[in-house]
Every structure is written in C-alpha cells, then in structure tokens.
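Descriptive analysis of the structure
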Amino acid sequence: MARDSQAALVALNRFGFGARGGASGDLINAASDPRGFVKAELARPNGVLLEAPGLQSTPQLGQAVFAYQDQVKQAREAAKETAKAAAPAEMPPQPPADQKPALRRNLSLNTAATEIGGQMTDAKPVDGAAKPEMMQPNASPPPAAKPAPQPLNVIQKTFRAEALARLQRATLAECGFTERLVVFWSNHFCISASKGELARIWAGAFEREAIRPHVLGRFSDMLKAVEQHPAMLFFLDNQQSLGPDSRAGQNRKRGLNENLAREIMELHTLGVGGGYTQEDVTSLARIITGWTFAGRQGQLGTPGSFVFNTNAHQPGPQMLLGKTYEPAGVAQGEAALADIARHPSTANFIATKLVRHFVADDPPPALVARLRDVFVKTDGDLKAMAAALVDSDEAWKAPLTKMRSPYDFLVASGRLLARVPEDPGRYLNSLNLLGQPLWSPAGPNGFPDTSAAWAAPEGIKLRLDIAAQVASRLGDNIDPIDLLEFAAADAASIETRRTIERAESRQQALALLLMSPEMQRR
C-alpha cells in the first residue's frame, strides 16, 4: 500500500497531538492507513480512562480539603494564642514625641549616661555632619536571606499529580485522538480551578470521573455526570440555590441561583438562540434546586459527594420548553436533562463546536449537518460522531490552518522531543505564560477555539521564547533535520526544510522547527 505523508500529517496534527520522536514510527504507521490509524483509538474505550497511583476520588479529595482547612484554622488560632501570651504587659502612657522626658532624680551615673546616650542617637545630625552610615561605607546591612520554600499543601500536590497524569497520557498516546476528545469535552463542560480550594483539588477528578468515561459514550450520560459532579455544582454555585417555597428557602429567606441552569442551556446544550427563554432558565433552576454536595459535617452524605437535598428543592411541577415535569425529587431534574440532551438545538450546537475544533474556524455546513444527523439518529452517540468526523472528506481536504492552542503546542513539542514529563511545573508555568492555565479558563465558556485567539503577535513571541528556551536546553544533543523527518517527512514544506538547514546552530534550528507551520498548525 502506498504511503501518503500528507494524509499522515493530517491524521497526526488535526486529530492528534503530532508525531512522537524516537523510534515510534508514528508518521510511517499513519501514512499506510491514515483514517484507520486515527479510528483505531475509538476501538479502545477503556484507553480513555485515566488511573494512576495516588489519584483519589472526589469525595476523598473533598474530605482532604476539609481536613486541611481545619488544620489551617487550628494553626491560626494557636498562633493567635501564642502571640497573645507573648505580648508584654500593658505599658504606661508615653509622652508625645516632641515632649522632652521629665527629669528623673536619684539616677546612678551609669543610668544617666545610658539615657543621655540614647537621646543622642535619636537626635537628627546637623546638616553637613557625618552620619554614622556615611562614616562606614562598607557597613550596609547584609541582604535578607530568602525564606525557605514552603512545602506543598494537599491541594497543590493533588493538582500537580492530576496535571502530570494528564500530560503523560497525552505525551505517550499513539495518535492522541481520544485525548484530544477529552480536551475538547473538558473545555466544553469547563470548570475553573481558580474558583477556590475545592475547585482546584477537584479539577482533575472532575475530568477523570465526569468526562473520560463518556467520551466514547452517550452525550446524555456525560451531561448528567457533569451537572451532578460536585466540582460543577461548586463552580456555578448550585449548592447556594434554594427553592423559594422549599423548607430551607422559607427558613433562610434565600432563593434561586440561576448560574448552573443558564450555563446548561446556553453553553452545554442548546446554545445561544437555541429556542429557550429566560423563563425556561428560571424553571430549570427550580428543577435542579437541591442538587448539591455533602459538606464537611456529612449531614447529608459522605463529605464531598453528590447529594439531593429535599429540603432545598422547589416543590411542585415545573414547565420547561413546553413540557411539564412532575415533582419526582432528583428524577425531575434528570428527566429534564435527558430531554434537553435530545433537543434538535443541542445536536446542532454540539456538531458545530466539534467541527470547529477539529476542522476549521468556519465549520463546513455540510459536515455540520452530517454530524448533527448522526447525533440525532444515534441518540447522542459520541463515538459514532467521532467516527463520522474521521470518515468525512472535508476533515482531510481542509488545509491545516488552525493554530494549535498553547496546551496542544506544548504537548506536541514534548512528543516530538520524546520527553515524557516527570514534573508538571515547566508545563504549568508555560501554560500560565501563554494564557491557557490548566483547567482555569476565565469564564464558564472555556478557552477560545479559534486561531485568532492564539495567533496574536504577543502570543507568538511568547511561544518563540519558550521554543528558544527548549532549544538552548536540549539542542546540543538533537539533530533538527532528523526531527523534521519524524514530524512531517516529505510533507514538510520546502520553506521549512530550507529554514532549518540554513540555521546557524542546532539550537537555532530546533527553535525554528518548533515554530514552523508543521508544529504550530493543525
């Protein structure tokens, strides 16, 4: 069978994270059967799951945060008590600063000399007189010693462990198609680790528990898992939402919080213009009152786990999108989500976003229509949608013009250099610098998914700085010409090949390779 290097480049860059260096042979394998190479990962659904030593469940992590917060509180209280005990006894009133101290009688000679000496050192020197520090030019105080770095707390350790597991999986994956799907869905149903300590420690677990098990499953199952996950409930404040007529609402004189309901409809399912009204948002907010997570006291269940709080739930039937949902506790909300997941607007919204992510900023309408039909006919089978995307001609014919996101760029670089991350710090710092901090978008709409968002001159300059740093660290032991063969072979442009060949040093050549269209575009 003839090998198609250009199609192999599309397979690896458009659908995956790029070719791995070393002895992987990714480009050769993909060139033999590009579509089959990509779709092979769809046949391994368990390969999407992520399990690593030390990664804990959401309830376990919630209890760890609660215990840590208790320890911090106790330490602060103990420090206050210690400071209080060490404070000197109440001092007598001091005279004003400009008032001379009263004469004291019966002082010994030594005492008098000491007091006079003290007053003289406080006196302001006469203009032109030598000051003590001027008389001793080399007597500058020694620089303060840098404080020892504080040990990481349980929240920081967990976040880094989750990040490392994700980065290692993406770096080692054969093609990376399912990992790219994980990144897509995690951004679609995003939370932000910057929301608070619970969000930060739960960010990785949220992806492992609510996203990964359903990437090749049904959309309705993923939707339910996401909206009932404590991380999402915390991120969008649903634990604060009380039915106005519920027992808790009556007692606390508080009412609805519509954040989660609004984002479910606007960002997770129907999309803007998807046929819902503000009244529907309010109705859905009423339906999902009582969806919360157990707190540190565990009164409603295991701390950190999803629970349905009947006392906070708005009683009675609710009208949503023209349908009445009878009161049935948590099942009322689950039925509403199941219907929203099957709504035609949801099918169109999801198909459009998927095509925009993988193919083009302006999604080809015919391809969107085909994926929308697959979504409807298969009841939201996401594996079938992914397969239809790979089978489409548009996905292979569209030019590789989409700019890689910072995360994609860093992972692709690590794969080509055959560097499996052992410490996530360098990646996390670079992601912060490039404007895509891991699991921390600025809002509930996630990170942007168009080239314009990542192709600004300042962003490109920062990428070049990172590429130069990588090259200075690793360039002496790497032949960039060999790496170009791993990355693109004869699909590499003449311009890229000539630019690398003409570089003044290996370090410069490697930096230019990392910044080439073959590494920056997908």
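Description of the structure in this document. None of these values were measured; they are calculated from a predicted model.

1. What to know about the overall build of the chain
Assigned secondary structure in the chain consists of 27 helices and four strands. When burial is assessed residue by residue, the chain has 47% of its 522 residues classed as buried. Pairs at least 24 residues apart make up 74% of the contacts formed inside the chain by residues separated by at least 6 positions. With the model as given, the accessible surface of the chain reaches about 26300 Å², and the carbon-plus-sulfur share is 53%.

2. A look at the nonpolar core
Inside soluble globular proteins, nonpolar side chains tend to come together where they are buried. Counting residues in each nonpolar core, the largest one holds 133 residues, and the members touching the most others are Phe15, Phe177, Leu181 and Trp185. Counting residues per element, this core draws most heavily on helix α9 (residues 197–211), at nine residues. Discounting chain neighbours no more than four positions away, the residues touching phenylalanine 177 are Phe15, Gly16, Val38, Glu41, Leu42, Phe358, Ala386 and Val390.

3. Thoughts on the environment of threonine 352
Within the secondary structure layout, threonine 352 lies in helix α16 (residues 344–358). Residues threonine 352 and valine 368 lie 16 residues apart in sequence; the distance between their C-alpha atoms is 5.5 Å. In this structure, threonine 352 is in contact with Pro363 and Val368, ignoring residues within four places of it in sequence. For threonine 352, the side chain forms a polar contact with the main-chain oxygen of asparagine 348, separated by 2.8 Å.

4. As for the packing of helix α4 (residues 58–86) against α9
Following both chains from N to C, one finds α4 and α9 inclined at 170°, their axes separated by 9 Å at the closest point. Judged on the interaxial angle alone, α9 and α4 are roughly antiparallel. Of α9, the residues touching α4 (which contributes Thr58, Leu61, Gly62, Val65, Phe66, Tyr68 and Gln69) are Glu197, Leu198, Ile201, Trp202, Ala205 and Glu209. Counted by class, the contact of α4 with α9 contains eight nonpolar, three polar and two charged residues.

Rules of the game
Residues numbered from 1 in each chain as written. Predicted model: local features only at pLDDT ≥ 70, side-chain atom pairs only at ≥ 80, totals over all residues. Heavy atoms only, no water. Helix = DSSP H or I, 4+ residues; strand = E, 2+ residues; numbered from the N terminus. Buried < 20%, exposed > 50% of the residue type's maximum accessible area, 1.4 Å probe, protein only. Contact = heavy atoms within 4.5 Å. Areas by Shrake-Rupley, 256 points an atom, 1.4 Å probe, with all protein chains shown as cover. Core = buried A, V, L, I, M, F, W, Y, C linked by side-chain atoms within 4.5 Å. Polar contact = N/O pair within 3.5 Å; in protein donor to acceptor, adjacent residues only side chain to side chain. Axes fitted to C-alpha atoms, helices over the stretch in contact; angles between N-to-C directions. Parallel < 35°, antiparallel > 145°, perpendicular 65-115°, else oblique. Nonpolar A, V, L, I, M, F, W, Y, C, P; charged D, E, K, R; others polar.

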